[in-house]
Amino acid sequence: MITFMQSFLKELEHESIGTRKMLALVSKENLNFKPHEKSMVLKDLAIHIADLPSWITLALTSDELDFAVSPYNPTDCNSGEELLNYFNKNVSEASSLLAEKSDELLNELWTLKNGDMIYMQMPKLDTIRHSFSQLIHHRAQLGVYLRLLNIPIPGVYGPSADEQMG
């Protein structure tokens, strides 16, 4: 029977393929693009996507992230190449931990907070699952940004409309 850690590792490997395709399309010229006043700028969205595998690492190596003690400062990236390097580093670290840790760890609680304000508290299993959901959600947002910039969208789970049109 496959363990949760093995399943998460397999899922990370699979989701990384499509994520790399999308991050590679982010160009310096479009970093400040913002499709709506309430939207993130493209650069911040892409950095967040590249950073999300590090949240798997956080879940496996800590019991909490307290912004009051450890402000959130992801690596600054200014091109698709820098985003890919940052993403690959984070995937590599998360993959190594998923390969070495056991499922017993997944029942422990993990907390996201800012001082006394608790944003999220759940078992580490759910925290990792949440990280994957965030990765997929924000990657889809990036696809919308790219579409609005008239950049052909790569297939993630199969051919995209752009790829089918040849």
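Conventions and cut-offs
Residues numbered from 1 in each chain as written. Predicted model: local features only at pLDDT ≥ 70, side-chain atom pairs only at ≥ 80, totals over all residues. Heavy atoms only, no water. Salt bridge = Lys/Arg side-chain N within 4 Å of Asp/Glu carboxyl O. Helix = DSSP H or I, 4+ residues; strand = E, 2+ residues; numbered from the N terminus. Buried < 20%, exposed > 50% of the residue type's maximum accessible area, 1.4 Å probe, protein only. Axes fitted to C-alpha atoms, helices over the stretch in contact; angles between N-to-C directions. Parallel < 35°, antiparallel > 145°, perpendicular 65-115°, else oblique. Left-handed = near helix turned anticlockwise from the far one by under 90°. Contact = heavy atoms within 4.5 Å. Pairing = 2+ DSSP bridges. Phe/Tyr/Trp six-rings, centres within 6.5 Å; stacked < 30°, edge-to-face > 60°.

1. Overview of the pattern of salt bridges
Argument step 1. One pass over the full model with this rule turns up 8 salt bridges.
Argument step 2. Close ionic contact of Glu11 with Arg129 constitutes a salt bridge, the shortest N to O distance being 2.4 Å. Taken together, the positions of Glu11 in helix α1 (residues 4-23) and Arg129 in helix α5 (residues 124-148) put the pair 118 residues apart, joining distant regions of the chain.
Argument step 3. A salt bridge links Asp162 to Arg147; its shortest N-O distance comes to 3.0 Å. Remark: Arg147 occurs in helix α5 and Asp162 occurs in helix α6 (residues 161-164); sequence separation between them is 15 residues.
Argument step 4. Residue class for Asp162 comes out partly exposed when judged on its relative accessible area of 22%.
Argument step 5. Using a relative accessible area of 40% as the deciding quantity, one classes Arg147 as partly exposed.
Argument step 6. What emerges from the salt-bridge pattern is a single network uniting Asp63, Glu108 and Lys124.

2. Re the packing of helix α2 (residues 42-51) against α5
Argument step 1. Packing of α2 against α5 brings their axes to within 9 Å, and their N-to-C directions diverge by 150°. Here α2 lies roughly antiparallel to α5, going by the angle between them. Regarding α2 and α5, the two cross each other, and that crossing is left-handed. Residue-level contacts link Leu42, Leu45, His48 and Ile49 of α2 to Gln134, Leu135, His138, Arg139, Gln141, Leu142 and Tyr145 of α5.

3. So, the sheet that holds strand β2 (residues 109-114)
Argument step 1. Strand order in this open sheet of 3 strands is β1-β2-β3, and the pairing throughout is mixed. Bordering the open sheet on either side are β1 (64-66) and β3 (117-123), each of which pairs with just one other strand. With direction set aside, neighbouring strand axes in the sheet form an average angle of 10°.
Argument step 2. In the sheet, β1 pairs with β2 via 3 bridges, with the strands oriented parallel. Across the sheet, residue Leu65 finds its bridge partner in β2, namely Leu112.
Argument step 3. Contacts from helix α3 (residues 53-61) reach β1 and β2, with the element oriented near 115° to β2.
Argument step 4. This element, α5, spans β2 and β3 of the sheet and lies at about 105° to β3.

4. Description of the environment of Ser96
Argument step 1. Assignment of secondary structure puts Ser96 in helix α4 (residues 80-100).
Argument step 2. Put simply, Ser96 and Thr57 are 39 residues apart on the chain and 9.2 Å apart in space, counted from C-alpha to C-alpha.

5. As for the packing of aromatic side chains
Remark: the centre distance and the inter-plane angle together describe each pair of aromatic rings, the angle taken between the planes.
Argument step 1. One pass over the full model with this rule turns up 7 aromatic pairs.
Argument step 2. A ring pair is formed by Phe4 and Phe8, whose centres lie 6.4 Å apart and whose planes are at 35°; its orientation type is tilted. Here Phe4 pairs with Phe8, and both are found in helix α1, just 4 residues apart, close to one helical turn.
Argument step 3. Exposure remark for Phe4: the relative accessible area of 46% places this residue in the partly exposed category.
Argument step 4. Between Phe67 and Tyr119 the ring centres are 6.2 Å apart and the planes differ by 50°, which places this aromatic pair in the tilted class. Here Tyr119 lies in strand β3 and Phe67 lies in the loop between β1 and α4, a separation of 52 residues in the sequence.
Argument step 5. The class of Phe67 is partly exposed, set by a relative accessible area of 22%.
Argument step 6. Among the aromatic residues, those joined into a ring-pair cluster are Trp55, Phe67, Tyr72, Trp110 and Tyr119.

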